[in-house]
Amino acid sequence: MPLESFLLYTAFWVLSVLSICAVARSRYGEKVPFAVLTVVLILFSALRDNIGRDYPIYEEAFYTKEYTSYDHMEWLWRQFYDMLNYFGLEFYHWTLIVAVIFIPLVLWAYRKQSYTLWIALAFFVFTYKLYFESFNSVRQCLAQAVCLFAVPLYTERKWIPAFLILFLAVAIHRSAAVMVLLLPFFYIRYNGYFMGSMLLLSLAVFPRILKPLFVFLIPYLPIDTYYLENMWDAQEGNGSGIFFMINTVIALYLVWRSKDLYRRDAKLLPYVNSWLISVIICNSLPFFQVGSRLFYYPLMFFPILMSNLFTVGNRYDRILVWGFLFLQVAQTAKVICIPDENFLRYQIIFKDREKVHIYDYSENRTLPPDYFLRSLTLTGTQSTTVNIL
């Protein structure tokens, strides 16, 4: 890891841990450290430069309407892109605005629904598939944040507002339609033997059945299937078998504990089921990146579950929460340090203001990051010809 990246990560982890510890120390004095953590998470996300697998895709789509990903984005995002381009803003303004929306939404939802806030915050920051995944699946993560607000509304039987929230999420990312289907299933008290069988079958049987079924059905789906057809056996579909097993064991433990947990607090039901459903989805679709990404929606409720389980549960439940938090920290550190992941070379946008990295496809050239700002006062800008693959 480069020294600059090491120092930036060190500053991020130290500030995050100190803020979470300060939230944990005082129920009444948590507003300031909560605000500090919010700012830290926003800045670390907003100021990143070329960090995240989808970063180049979003950047290229931002600067050209001819790029394929722009065409397949939702109408809302295309309008957002066009508005920023109209005002001559840069891509790093886009990352800043998205972070300013995403982080407060998530933390606000966790604050409203968690019994022990610092536990939820710790799991959000230290679980790779939550905070750091927002560097990759930007649009989907924002849709996931919106979905968080549907559960308390549905719990209060405010079904119309709950589904309006979900339809807003679908407008942000069409994959959020899965939550329209899944949300009612969060509120079913499943038989323990049935759910246990589903979890075990999802490990070995469901993947063998679902893969040929998906291959057959995709050409006939009445939706845009661009991503479905181009993301088989991709990186996110090749997860760790060990973590599949660990997630399943924890799900089975929750099935075993469910009667006592619901007796202690019936409001745990949707959060427990969100984890069970996310594990089944993840286990069943290891071959399919788009399919495996669907489990991120119920996974977004995972920090709330861990927080409330820690508060309501017994000593063994709290041991489980601590143990799983340790595993998530280890997993996140491992992923960040993988050479193939560009997280290892984290840098901020201010490192090299003169570097060339923005594509102008109309002229087949690259432009410096401050091109649009300088073009307001200069009559011409020097460009460098590149080969666009």
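These figures come from a predicted structure and were not determined experimentally.

**Notes on the overall build of the chain**
Then comes step 1: The helix and strand inventory of the chain stands at 21 helices and 3 strands.
Then comes step 2: Long-range pairs, those at least 24 residues apart, make up 73% of the contacts in the chain with a sequence separation of at least 6.
Then comes step 3: Carbon and sulfur atoms make up 66% of the accessible area of the chain, which amounts to about 18,800 Å² in all.

**Concerning the packing of helix H2 (residues 31-46) against helix H7 (residues 117-126)**
Then comes step 1: Interhelical geometry of H2 versus H7 gives an angle of 10° and a closest axis separation of 13 Å. In terms of their interaxial angle, H2 and H7 are classed as roughly parallel. Contacts between H2 and H7 involve Phe34, Leu37 and Leu41 from the first element and Leu117, Leu121, Phe124 and Val125 from the second.
Then comes step 2: Tallied by class, the residues present in the contact of H2 with H7 amount to 7 nonpolar, no polar and no charged.

**Brief notes about the pattern of salt bridges**
Then comes step 1: Per the counting criterion, the structure on display carries 6 salt bridges.
Then comes step 2: Across the pair lysine 158 and glutamate 156 runs a salt bridge whose closest N-O atoms are separated by 3.2 Å.
Then comes step 3: Overall, the relative accessible area of 42% leaves lysine 158 in the partly exposed class.
Then comes step 4: One continuous salt-bridge network, built from bridges that share partners, spans Arg257, Asp260, Arg263, Arg264 and Asp317.

**Some words on the packing of helix H19 (residues 302-312) against helix H20 (residues 315-336)**
Then comes step 1: Orientation of H19 relative to H20, taken along the N-to-C sense of each, is 140°, at an axis distance of 8 Å. Crossing handedness for the pair H19 and H20: left-handed. Between H19 and H20, the residues in contact are Phe302, Met306, Leu309, Phe310 and Thr311 and Asp317, Arg318, Leu320, Val321, Trp322 and Phe324, respectively.
Then comes step 2: Of the residues contributing to the contact of H19 with H20, the split by class is 8 nonpolar, 1 polar and 2 charged.

**As for the nonpolar core**
Then comes step 1: Trp94, Phe124, Phe132 and Trp275 are the most contacted members of the largest nonpolar core, which has 114 residues in total.
Then comes step 2: Counting residues per element, this core draws most heavily on helix H6 (residues 91-113), which supplies 11 residues.
Then comes step 3: When near neighbours in sequence (up to four residues on either side) are disregarded, phenylalanine 132 contacts Tyr9, Phe12, Trp13, Phe44, Val125, Thr332, Ile336 and Phe343.

**Observations regarding H19**
Then comes step 1: Counted residue by residue, H19 has 10 buried out of 11 residues, so it is predominantly covered.
Then comes step 2: Within H19 the residues assigned to the buried category are Phe302, Pro303, Ile304, Leu305, Met306, Ser307, Asn308, Leu309, Phe310 and Val312.
Then comes step 3: Elements that come into contact with the buried residues of H19 comprise H6, H7, helix H15 (241-264), helix H16 (269-284), helix H18 (296-299) and H20.

**Quick look at the side chain of serine 284**
Then comes step 1: The topology assignment puts serine 284 in helix H16.
Then comes step 2: With relative accessibility at 4%, the residue serine 284 sits in the buried group.
Then comes step 3: Residues in contact with serine 284, not counting those within four places in the same chain, are Ser202, Phe206, Pro207 and Leu210.

**Points about the environment of leucine 107**
Then comes step 1: As for its placement among the helices and strands, leucine 107 is situated in helix H6.
Then comes step 2: Counting along the chain gives 10 residues from leucine 107 to leucine 117, while the straight-line C-alpha distance between them is 9.3 Å.
Then comes step 3: Every residue in contact with leucine 107, bar those within four places of it in the chain, is listed here: Phe34, Thr38, Leu41, Leu121 and Phe124.

**Some words on the confidence of the model for the chain**
Then comes step 1: With 79% of its residues at a pLDDT of 70 or more, the chain has an overall mean of 81.
Then comes step 2: Scored below 50 in pLDDT, residues 234-240 makes 19 contacts in the model with residues more than four places away or belonging to other chains.
Then comes step 3: Counting interchain partners and residues more than four positions distant, the pLDDT-below-50 stretch residues 356-389 has 53 contacts.

**Observations concerning the packing of aromatic side chains**
Then comes step 1: Inspection of every chain in the model, using the stated rule, returns 43 aromatic pairs.
Then comes step 2: Judged by centre distance (5.3 Å) and plane angle (70°), the rings of tyrosine 131 and phenylalanine 135 are edge-to-face.
Then comes step 3: The aromatic ring of phenylalanine 135 is capped on one face by arginine 48, whose charged end is 4.8 Å from the ring centroid.
Then comes step 4: The ring of phenylalanine 34 has arginine 111 sitting right over it, with the charged end atom 4.5 Å from the ring centre.

What counts, and where the lines are drawn
- Residues numbered from 1 in each chain as written.
- Predicted model: local features only at pLDDT ≥ 70, side-chain atom pairs only at ≥ 80, totals over all residues.
- Heavy atoms only, no water.
- Helix = DSSP H or I, 4+ residues; strand = E, 2+ residues; numbered from the N terminus.
- Contact = heavy atoms within 4.5 Å.
- Areas by Shrake-Rupley, 256 points an atom, 1.4 Å probe, with all protein chains shown as cover.
- Axes fitted to C-alpha atoms, helices over the stretch in contact; angles between N-to-C directions.
- Parallel < 35°, antiparallel > 145°, perpendicular 65-115°, else oblique.
- Nonpolar A, V, L, I, M, F, W, Y, C, P; charged D, E, K, R; others polar.
- Salt bridge = Lys/Arg side-chain N within 4 Å of Asp/Glu carboxyl O.
- Buried < 20%, exposed > 50% of the residue type's maximum accessible area, 1.4 Å probe, protein only.
- Left-handed = near helix turned anticlockwise from the far one by under 90°.
- Core = buried A, V, L, I, M, F, W, Y, C linked by side-chain atoms within 4.5 Å.
- pLDDT = per-residue confidence, 0-100.
- Phe/Tyr/Trp six-rings, centres within 6.5 Å; stacked < 30°, edge-to-face > 60°.
- Lys NZ or Arg CZ within 6 Å of the ring centre and 35° of its normal.

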